[in-house]
Amino acid sequence: MEEVLYTKDLKERHSKEIFQKAGAYCWETPNELFEELNKEFNFTLDVCADENNHKLDIYFSEKEDGLKQDWGKNICWMNPPYGRTISKWIKKAYQESLKEAVVVCLIPSRTETNWWWDYCLKGEIRFIRGRVNFKGRNTKGELVNYPATFGNAIVIFRKQKQEVRNSSQA
Ligand SMILES: C[S@@+](CC[C@H](N)C(=O)[O-])C[C@H]1O[C@@H](n2cnc3c(N)ncnc32)[C@H](O)[C@@H]1O
């Protein structure tokens with residue numbers, strides 16, 4: 001039987017199609033999960049959002065491009081797009097935390113990736129038991145539930161934590 005090669009290109013088109021069909025490029029945070037963390041951190045900035053899904057009054061959308069902004073001294077909430085740009089978001093979150101921001105990230109626990117090893121391991125990791133029941137807009141624009149098909153973690157980047165870690169390693 002002829003074997004069909006599962007090439008990189010085919011794989012990318014396949015997953016893009018599936019995600020677009022599901023309208024699931026944006027995995028919106030369930031309110032209960034956000035509120036629980038907000039109680040603990042008192043977030044001041046949602047670094048990636050849009051006018052329909054921002055969790056806080058102050059947010060960056062694609063137009064401002066959160067990746068290009070200075071996150072200052074904000075306590076940031078970050079549930080980034082889960083596509084190919086995710087590594088840029090994790091790197092940015094880590095770098096901003098080396099300045100003055102605190103960044104709490106809701107991300108897929110992709111422990112096989114370079115970004116996990118290069119950055120996430122420098123933060124505080126809280127694995128989420130079970131799967132997050134995300135919300136998202138389908139192709140008709142309706143808000144529907146999207147249970148994740150992967151595990152998630154909360155990763156917290158804050159300078160203090162990294163300093164304590166570095167001094168205990170010295
Ligand atoms: C996973 S959703 C998270 C939405 C919301 N903050 C939440 O926690 O539910 C990611 C959002 O990032 C937005 N986004 C994509 N690129 C962006 C960029 N360069 N700067 C800011 N936001 C961006 C998307 O439009 C989308 O609304």
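Residues numbered from 1 in each chain as written. Predicted model: local features only at pLDDT ≥ 70, side-chain atom pairs only at ≥ 80, totals over all residues.

Participant: Could you give an account of unusual backbone geometry, naming the residues involved and the relevant values?
Facilitator: With a phi angle near 55°, Asn42 is a residue other than glycine that sits in the positive phi range. Owing to 9 C-beta atoms within 10 Å, Asn42 belongs among the exposed residues under this scheme. (Buried ≥ 20, exposed ≤ 12 C-beta atoms within 10 Å, placed from the backbone.)

Participant: Any chance you could break down the sheet that holds strand 4 (residues 124-127) for me, citing the residues and the numbers?
Facilitator: Strands sit in the order 1-2-3-7-4 across an open sheet of five strands; the sheet is mixed. Lying at the two open borders of the sheet, with one neighbouring strand each, are strand 1 (45-46) and strand 4. Bridge count for strand 4 against strand 7 (residues 152-157) is four bridges, and the pairing is antiparallel. Across the sheet, residue Ile125 finds its bridge partner in strand 7, namely Val155. Sheet contacts for helix 3 (residues 86-98): strand 2 (75-78), strand 3 (102-108) and strand 7; angle to strand 3, the most-contacted strand, approximately 160°. (Pairing = 2+ DSSP bridges. Helix = DSSP H or I, 4+ residues; strand = E, 2+ residues; numbered from the N terminus. Contact = placed C-beta atoms within 7 Å. Axes fitted to C-alpha atoms, helices over the stretch in contact; angles between N-to-C directions.)

Participant: I'd like a rundown of the site of the ligand, residues and numbers included.
Facilitator: Close to the ligand lie 20 residues; Thr29, Cys48, Ala49, Gly66 and Asn79 are nearest. A breakdown of the residues in the shell around the ligand according to their chemical character gives eight nonpolar, six polar and six charged. (Near = placed C-beta within 6 Å. Nonpolar A, V, L, I, M, F, W, Y, C, P; charged D, E, K, R; others polar.)

Participant: Break down the nonpolar core for me, with residues and values.
Facilitator: Counting 25 residues, the largest nonpolar core has Val47, Cys76, Met78, Ile90, Ala93, Val103 and Cys105 as its most contacted members. Mapped by element, the contributors of at least two residues to this core are strand 2, helix 3, strand 3 and strand 7. A per-element tally of this core places strand 3 first, with six residues. (Core = buried A, V, L, I, M, F, W, Y, C linked by C-beta atoms within 7 Å.)

Participant: Please give an account of the pairing of strand 3 that cites residues and values.
Facilitator: Of all the seven residues making up strand 3, six are buried; the element is thus mostly covered by neighbouring parts of the structure. Of the strand pairs in this sheet, strand 2 and strand 3 are connected by four bridges, and their pairing is parallel. Each residue of the ladder has a partner; that of Met78, found in strand 3, is Cys105. For the segment spanning strand 2, helix 3 and strand 3, crossover handedness is right-handed. Judged from the six bridges that link them, strand 3 and strand 7 form a sheet pairing that is antiparallel. Across the sheet, residue Val103 finds its bridge partner in strand 7, namely Phe157. (Right-handed = clockwise from strand over helix to strand, strands pointing away.)

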